[in-house]
Amino acid sequence: MTRSPSDAPSSWTVAPEPFDSPAAAALWRAYYTEVSDRWYLLHEGRTTDPDELEREIAAQPGGDFTPPTGVLLVGRYDGEPGGTAAVRMLDATTGELRRVFVREGLRGKGGAPLLLAAAEEAARGLGARRLVLDTRGDLVEARALYARHGYEETPAHNDEPYAEHWFRKDLTG
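Since this is a predicted model, take the numbers as computed values, not measurements.

Parameters and conventions
Residues numbered from 1 in each chain as written. Predicted model: local features only at pLDDT ≥ 70, side-chain atom pairs only at ≥ 80, totals over all residues. Heavy atoms only, no water. Pairing = 2+ DSSP bridges. Helix = DSSP H or I, 4+ residues; strand = E, 2+ residues; numbered from the N terminus. Axes fitted to C-alpha atoms, helices over the stretch in contact; angles between N-to-C directions. Expected span 1.5 Å × (residues − 1). Buried < 20%, exposed > 50% of the residue type's maximum accessible area, 1.4 Å probe, protein only. Arc of directions from axis to C-beta. 1 Å grid on protein atoms, 1.4 Å probe; cavity = no way out; pocket = protein on both sides within 12 Å on 5 of 7 lines; lining within 4 Å. Points joined across faces, edges and corners; volume = space filled by probe spheres on them. Nonpolar A, V, L, I, M, F, W, Y, C, P; charged D, E, K, R; others polar. Core = buried A, V, L, I, M, F, W, Y, C linked by side-chain atoms within 4.5 Å. Contact = heavy atoms within 4.5 Å.

### Thoughts on the sheet that holds strand β4 (residues 94-102)
The 7 strands lie next to each other as β1-β2-β3-β4-β5-β7-β6, forming an open sheet whose pairing is mixed. Of all the strands in the sheet, the pair left with one neighbour each is β1 (12-16) and β6 (152-154). Neighbour-to-neighbour, the strand axes of this sheet turn through a mean angle of 30°, independent of strand direction. In the sheet, β6 pairs with strand β7 (residues 165-170) via 3 bridges, with the strands oriented antiparallel. Bridging from a neighbouring strand, E152 pairs with R168 of β7.

Structural data, given as C-alpha cells:
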C-alpha cells in the first residue's frame, strides 16, 4: 500500500532560528499575547491593551537569544511553526530557560517535552551546567511540565516583577 502525504504521521522538528525571523516573531507575539491576556484576565478582568502589547513586544525582541551566549529554538509541527524555547547564558555555567511555548492547537502532541530537551541540549552546547527559569503561579501547566522533566523549585534567583516560582535543573547528570 502506498502512503499519501495526508496519511503520513504528524511530526515535530526543532531547530535554531534567528529571533527576528517571521516564524520566531509570530510565535513570540502569540506567547506574549497569551501570557499577558491570562494575567490581565485573572487580575483585572480584561485582556491586554493593544498599545501595551506592542510596547512590550518591541522592548523584548530577543537579541539575547543569539550565539554565542544564547539560542532561540523553533519547533515545527508538520513544517508549520508551532512552538519555541530559548536559552540565554547568565554566566559561564548557568543558562536561563525562556519563552517555552506551544501554540494552543498543538498542545498534547509532544512538542513541549521535545522543545525542553532541545533547549537543554543547546544550553549544554553553550557551556551551561545548569538551567534556571522563572514562571508565574497561574501558569500551572508550565510548572507541571518543568517538574515532570526534573526541574526543582528553588528560592528566587531574580527579581522579575511577574515571577512567582523559580526552578533549577542540573544538566551534568
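### Considering helix α3 (residues 111-125)
With 15 residues, α3 should cover 21 Å at 1.5 Å per step; its first-to-last C-alpha distance of 21 Å lies within 8% of that length. For α3, the complete set of buried residues consists of G111, L115, L116, A119, E120, A122 and A123. With its buried residues spanning 165° around the axis, α3 presents them on a single face. With its phi angle positive at about 100°, G127 sits one or two positions after the end of α3.

### Considerations on empty space enclosed by the protein
Considering all chains together, one arrives at 1 cavity of 30 Å³ or more under this definition. Size it by volume and the largest cavity reaches roughly 40 Å³. What lines the largest cavity is A24, L27, W28, Y31, L72, T84 and R99. Broken down by element, the residue count for the lining of the largest cavity peaks at 4 residues, all from helix α1 (residues 22-44). Tallied by class, residues from the lining of the largest cavity come to 5 nonpolar, 1 polar and 1 charged.

### Comments concerning the pairing of β4
Along β4, 8 of the 9 residues are buried, which leaves the element largely enclosed by surrounding structure. Pairing analysis gives 3 bridges linking β4 to strand β5 (residues 130-135), with the strands arranged parallel. Across the sheet, residue T94 finds its bridge partner in β5, namely R130.

### Focus: the nonpolar core
Core analysis: the largest hydrophobic core is formed by 27 residues, its most contacted members being V87, L97, Y146 and Y151. Elements with a minimum of two residues in this core: β2 (70-77), β3 (80-89), β4, α3, β5 and α4 (140-148). Looking at which element gives the most residues to this core, the answer is α3, with 5 residues. Discounting residues that sit within four places of it in the chain, L97 has contacts with A86, V87, L116, A119, L131, V132, L133, Y146 and Y151.

### Observations concerning the layout of surface pockets
What the largest pocket holds in volume is close to 1200 Å³. In terms of lining, the largest pocket is formed by 47 residues, of which the most central are Y31, V35, V100, T135 and L139. Looking at the lining of the largest pocket element by element, the count peaks at 9 residues for α1.

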